[in-house]
Amino acid sequence: YTLAIREELQKKGVMVSCLCPGPTATDFFDRAGLSGLPVNSNEIKMPAEEVAGIAIESMLDHVAEIVPGTSNAIGAWFSKLFPNKLVLKTVA
């Protein structure tokens, strides 16, 4: 959806980027009652300031899809190799 909007608005000089941050060190997991999930580990989560910095820098470089962090980028790449149905079941 974001890529379609990006394409439409590019002709009008509007830049659109999609940020896919992965696990980020915020209050989200605690507030959602998900603090026991393995993905809530401090070793996995990226600091919010780092995610924001990468997002801004990438947006200014006109990057369409922003996936901060090596492990997030690898995960995003691998998810494209498998059928969506399998990826959704794995993530759920």
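The structure presented is a predicted model; accordingly, all values stated were derived computationally and were not measured.

Enquirer: Please clarify how the packing of aromatic side chains should be interpreted in this entry.
Expert: Each aromatic ring pair is specified by the distance between its two centres and by the angle formed by the two planes. Evaluation of the coordinates by the stated rule reveals two aromatic pairs. Ring centres of W77 and F78 lie 5.0 Å apart, and the angle between their planes is 80°; on these two criteria the pair is classed as edge-to-face.

Enquirer: Explanation requested: the side chain of N72 in the structure shown.
Expert: Along the chain, the position of N72 falls in helix α4 (residues 70–79). Other than its neighbours up to four places away in sequence, N72 contacts P21, G22, P23, M46 and V67.

Enquirer: Looking at this structure, I do not really get the layout of surface pockets. What am I missing?
Expert: In this approach, a probe sized like a water molecule rolls over the atoms, and the result shows the empty space that is left. Estimated volume of the largest pocket: approximately 650 Å³. Lining the largest pocket are 21 residues, and of these G75, A76, S79, V87 and V91 lie nearest its centre. Elements with a contribution of two residues or more to the lining of the largest pocket: α4 and α5 (84–91). No other element matches the eight residues that α4 contributes to the lining of the largest pocket.

Conventions we followed
- Residues numbered from 1 in each chain as written.
- Predicted model: local features only at pLDDT ≥ 70, side-chain atom pairs only at ≥ 80, totals over all residues.
- Heavy atoms only, no water.
- Phe/Tyr/Trp six-rings, centres within 6.5 Å; stacked < 30°, edge-to-face > 60°.
- Helix = DSSP H or I, 4+ residues; strand = E, 2+ residues; numbered from the N terminus.
- Contact = heavy atoms within 4.5 Å.
- 1 Å grid on protein atoms, 1.4 Å probe; cavity = no way out; pocket = protein on both sides within 12 Å on 5 of 7 lines; lining within 4 Å.
- Points joined across faces, edges and corners; volume = space filled by probe spheres on them.

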